[in-house]
Amino acid sequence: MVFSLLRCVGRALVNHGLKAIANCLPLGEVLCEMAGDALEAWRRERRDDERRAEVQALAQATAEEVRAQVAQVVAEVAADQPPEVRAALDAYLVQLPATVRQSLRRPADPSGTALPAGLVIDRPEDLLALLPARLPRFRAGDRPIAGVPWVLLELLGVGGFGEVWKAHNPRFPGLIVALKFCLDAAARDRLLGHEAAVIERVLRQGKHPGIVELRQAYLEVDPPCLEYEYVAGGDLVGLMQDWRRQGGLPAAAVLQVMQRLAEAVAFAHRFDPPIVHRDLKPANILVQRGNGGVRMKVADFGIGGLATAHALAGAARGPTGRSPWLTSVVRGSCTPLYASPQQLRGEAADPRDDVHALGVIWYQILTGELGSGAPSGRLWLRRLRERGLGEEAVDLLAACVEPRAEDRLGNAAELAELLAAVALPVTVPVMVPARTLSRPAEDDLAAAVQRTLQHVAEAHDHARHLAESEHDYAAAVGLLEGVPEHLRDGRLHQRLCERRDRAARLEREIREAVAATRFQHLAPVVKALLELQPNRDDLRRLLEKLPAPPEVKPEITNSIGMRLRLVPAGKFGMGSLPAESERQFNEGPQHAVEIARPFYVGVYPVTQREYEAVLGRNPSRFHAGNGGSPEHPVEQVSWEDAVEFCRRLSETTEVTRWGHRYRLPTEAEWEYACRACTTTPFHLGDSLSSKQANFNGFHPYGRAVSGPYLERTSKVGSYPANAWGLHDMHGNVFEWCADWFADDSYHHSSEKDPQGPPAGEKRVLRGGAWNYYGWFCRAAYRYRRRPDERLDCAGFRVVLAVPPGQT
């Protein structure tokens, strides 16, 4: 894809910001004009959907792709400029994808490579959020701290105060940190002066799960640098924008969010003397996906006062245009919006400054407006009540943003306690000062519970709508994760997470294949994503351009003579119905399962000949000297032995040709292949005799009469195949499956390609065996043994996935 955005921004930069970019200055006033001109030109070249697709492609582009296109753009728009100007323009445009990713990061997509549903780019403000504010001092690959092995990886943020970079240690690539460099001269003087004492206190005491940890301070280097833990997932700005696009977060969920934030800030306020942040704002609240929802961490403890002084000094000088203010607003970093009146007057730091900022953030989350400062007048109180915020919460929010410091709550610890009382109304209410709140009446508690349950129900309904109508699974998951875990529909949440993750995986697979020009097997992947997101016209256009897939053979024979039959994709009812005779409780509930892709499966269980050809030995009891033959199924093999066989077989050259490795079938794949579109206990019908399969014929199933009992295995293929040409799916030997066993796994099973529980003590076997009764041979029966056990009635068969495109 050609990124016309790079060309439009580059041309606008030449027209408006050349002097600033040439001297490595903040773009300041010209940034808004640049955004307006660039957007106007971009609109002429690209439709709305094309602009969205281009932003996503730019976020996913490799560094090499971006550098190549930037070089072309610079040659086109700045051919008459001096070399140093072209170099500065090149450096600015190269960092644009990193700024885009930073703007798009959120817990649902920590990489920042996917556009959230509902994102529009049709105003200069929309484009401003994607543009770098200045040319950075450093570049990826730099080692800016002498004697310290940090290597810069990606620019995370840039502004007048400094730059923040993601960095790693090359010796330990998994060790990631965030480095914040102080570039402003005045800020540096403060950092090296009395702010250093605050830094030292935070280093000693600022370790809390809700606070981004400050790990090291490099104050003697030029420029000074602070090392923080790296938090993936973006910041509260992206999360607030998601919530707004989803129709807003329920007031009850907002209370939970604010309680967590207040508790984190309260940790610092409890010290003597308290550590005051003084620069709380959405851009300084980082978010990441955690167990059961979203976790938030407050950043910049220790330099909040320094950053605020820098920002407020700039505001006091009075901007000559709207760009710096507007840029900081759309990025949730406009300090004056959150600063208390006392901060604006330059008074000493006080914990009540942070309470004021928390109140503004609370109000912004409720209204969805990042440009709103502290509310004033009286109408805002009524509007919040209409949105479902209870009287206690409205009064508490008002107490946070009181203009007079003495009328505000004393610190974040007090706010956290009061939020706990409001957010969890079924607990004993906390007594609070008369100037802030009145104690809720008993009837108010019932009303609060009712409101909470109503908001939870609305969140679930909205999530279902987002998933079923708009197919925006990430937004739906984000909405559900705003619901307290104990009130959340766990099955709905799991199902939507699976769809979100599968859609993201397919999207990534498609883009990687297109980038590598691997078109031949791409069609079924595109079709699979279209099933999840049928509103994607871009996928339909892509599908029309792809070459026709090659023909799929119904049967293949591998290098050791093993025959494998093609099993088509499809759906079936897994498990048994309550009325099925001899049914075991772990066979239910019967549930719909989809096998999303076709696969090849062995026509027979692995034979002794095949096993010996691969592993060089034959462990079977019923070998040629004991009533068996090389064409009898191998037995006395453990699950681990079966997995090793698949690994060794996968080393043959033919797997390179087929594109996938051999493996054991999942439990769902085995039952699906066994049933072959039937719904009866056996693919042969409702009964089973030992003339139809090898088992203890003295104990047939259903209406069948007693028959012979061989008391050993039989040669594979001695009994009728099912409709898909597979033999010995009932009897002969139990067959190992890939899954761990759990009695209740069907209660938590995925509806598409289930993989079984993540852990366990025993593995699943299926199909019955020569020495078991007929009812053990039913398609739904589930057997289990330890993965290291070897039985003379247990073998296996293999699966080979069909490469994408061969459908």
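Residues numbered from 1 in each chain as written. Predicted model: local features only at pLDDT ≥ 70, side-chain atom pairs only at ≥ 80, totals over all residues. Heavy atoms only, no water.

Draft legend 1. Structural view of the sheet that holds strand β15 (residues 763-766). Sheet architecture is open: 4 strands sit in the order β16-β15-β14-β17, paired in mixed fashion. Every other strand in the sheet has two partners, leaving β16 (783-785) and β17 (794-795) as the edge strands with one partner each. Two elements, strand β14 (residues 734-740) and β17, share 2 bridges in a ladder whose sense is parallel. Its bridge partner lying in β17, F734 is registered against A794. (Pairing = 2+ DSSP bridges. Helix = DSSP H or I, 4+ residues; strand = E, 2+ residues; numbered from the N terminus.)

Draft legend 2. Structural detail: the side chain of T607. Note on placement: T607 falls in the loop between β12 (599-602) and α26 (608-615). Filtering out sequence-adjacent residues up to four positions away, T607 remains in contact with P630, E631, H632, P633, V634 and V716. (Contact = heavy atoms within 4.5 Å.)

Draft legend 3. Seen up close, unusual backbone geometry. A cis amide bond links D222 with the next residue in sequence, P223, at an omega value of 0°. Structurally, P223 is set in the loop between β4 (214-218) and β5 (225-229). Going from G588 to P589, the amide bond is cis rather than trans, its omega being 0°. Mapped onto the elements of the fold, P589 is located in the loop between β10 (570-574) and β11 (591-595). We note that E711 has phi near 65°; this positive angle belongs to a residue other than glycine.

Draft legend 4. Quick peek at the packing of helix α1 (residues 4-16) against helix α5 (residues 63-77). Following both chains from N to C, one finds α1 and α5 inclined at 40°, their axes separated by 9 Å at the closest point. The pairing of α1 with α5 is recorded here as oblique in orientation. For the crossing formed where α1 meets α5, the hand is right-handed. Counting all contacts with α1, which are made through L6, R7, G10, R11 and V14, the residues of α5 involved are Q69, V70, V73, E76 and V77. Tallied by class, residues from the contact of α1 with α5 come to 5 nonpolar, 2 polar and 3 charged. (Axes fitted to C-alpha atoms, helices over the stretch in contact; angles between N-to-C directions. Parallel < 35°, antiparallel > 145°, perpendicular 65-115°, else oblique. Left-handed = near helix turned anticlockwise from the far one by under 90°. Nonpolar A, V, L, I, M, F, W, Y, C, P; charged D, E, K, R; others polar.)

Draft legend 5. How the structure looks around helix α29 (residues 667-675). Burial analysis of α29 places 9 of its 9 residues in the buried class, which makes it a mostly covered element. Taken as a whole, α29 has its buried residues at E667, A668, E669, W670, E671, Y672, A673, C674 and R675. (Buried < 20%, exposed > 50% of the residue type's maximum accessible area, 1.4 Å probe, protein only.)

Draft legend 6. The arrangement of the pairing of β5 in detail. Of all the 5 residues making up β5, 5 are buried; the element is thus mostly covered by neighbouring parts of the structure. As paired elements, β4 and β5 share 4 bridges and run antiparallel to each other. Pairing of Y218 across the sheet is with C225, part of β5. Between β4 and β5, which follow one another and run antiparallel, lie 6 residues.

Draft legend 7. Geometry of the pattern of salt bridges. In total, this model carries 49 salt bridges according to the counting rule given. Here E667 ties to R782 by a salt bridge, and the two come within 2.6 Å at their closest N and O atoms. Note that E667 is positioned in helix α29 and R782 in the loop between β15 and β16, a separation of 115 residues in sequence. In terms of burial, E667 and R782 fall into one category: buried. R786 is the partner of D788 in a salt bridge, and the nearest nitrogen-oxygen pair spans 3.2 Å. A relative accessible area of 41% means that D788 is categorised as partly exposed. Looking at R786, the relative accessible area reads 42%, which means it is partly exposed. In this structure, a network of salt bridges that share partners links the residues E667, E671, R675, R766 and R782. (Salt bridge = Lys/Arg side-chain N within 4 Å of Asp/Glu carboxyl O.)

Draft legend 8. Representation of the environment of A503. The topology assignment puts A503 in helix α23 (residues 490-515). Measuring from C-alpha to C-alpha, the distance between A503 and E531 comes to 9.6 Å, with 28 residues separating the pair along the chain. Sequence-distant contacts of A503, defined by excluding residues within four places in its chain, comprise L529, L532 and Q533.

Draft legend 9. The packing of aromatic side chains, seen in detail. In the structure shown here, the tally under the stated rule is 20 aromatic pairs. When the centroid spacing of 6.4 Å and the interplanar angle of 70° are considered together, the rings of Y611 and F796 count as edge-to-face. Note that Y611 is positioned in helix α26 and F796 in the loop between β17 and β18 (799-801), a separation of 185 residues in sequence. Residue classification places Y611 among the buried positions, given a relative accessible area of 0%. In this structure F796 comes out as buried when scored by relative accessible area, which is 0%. Ring pairing ties together the aromatic residues F734, Y772, Y773, W775, F776, Y781 and Y783, which thus form one cluster. The cationic tip of R51 hangs over the ring face of W42; the distance from NZ or CZ to the ring centre is 6.0 Å. (Phe/Tyr/Trp six-rings, centres within 6.5 Å; stacked < 30°, edge-to-face > 60°. Lys NZ or Arg CZ within 6 Å of the ring centre and 35° of its normal.)

Draft legend 10. Focus on the sheet that holds strand β8 (residues 555-557). With antiparallel pairing, the 5 strands of this open sheet are ordered in space as β8-β9-β12-β18-β13. Strands with a single pairing partner mark the edges of an open sheet, and in this sheet they are β8 and β13 (662-663). The pairing of β8 with strand β9 (residues 563-567) spans 3 bridges and is classified as antiparallel. Note on β9: the bridge partner recorded for E555 is R565. Sheet strands in contact with α29 are β9, β12, β13 and β18, and its direction is about 75° off that of β12.

Draft legend 11. Just the pairing of strand β1 (residues 151-158), in detail. Among the 8 residues of β1, 6 are classified as buried, and the element is accordingly described as predominantly covered. Of the strand pairs in this sheet, β1 and strand β2 (residues 162-169) are connected by 6 bridges, and their pairing is antiparallel. Pairing of L155 across the sheet is with W165, part of β2.

Draft legend 12. Expanded view of the environment of K545. Residue placement: K545 occurs in helix α25 (residues 537-545). A relative accessible area of 72% places K545 in the exposed class. Considered as a pair, K545 and A523 are 22 residues apart in the sequence and their alpha carbons are 9.6 Å apart.

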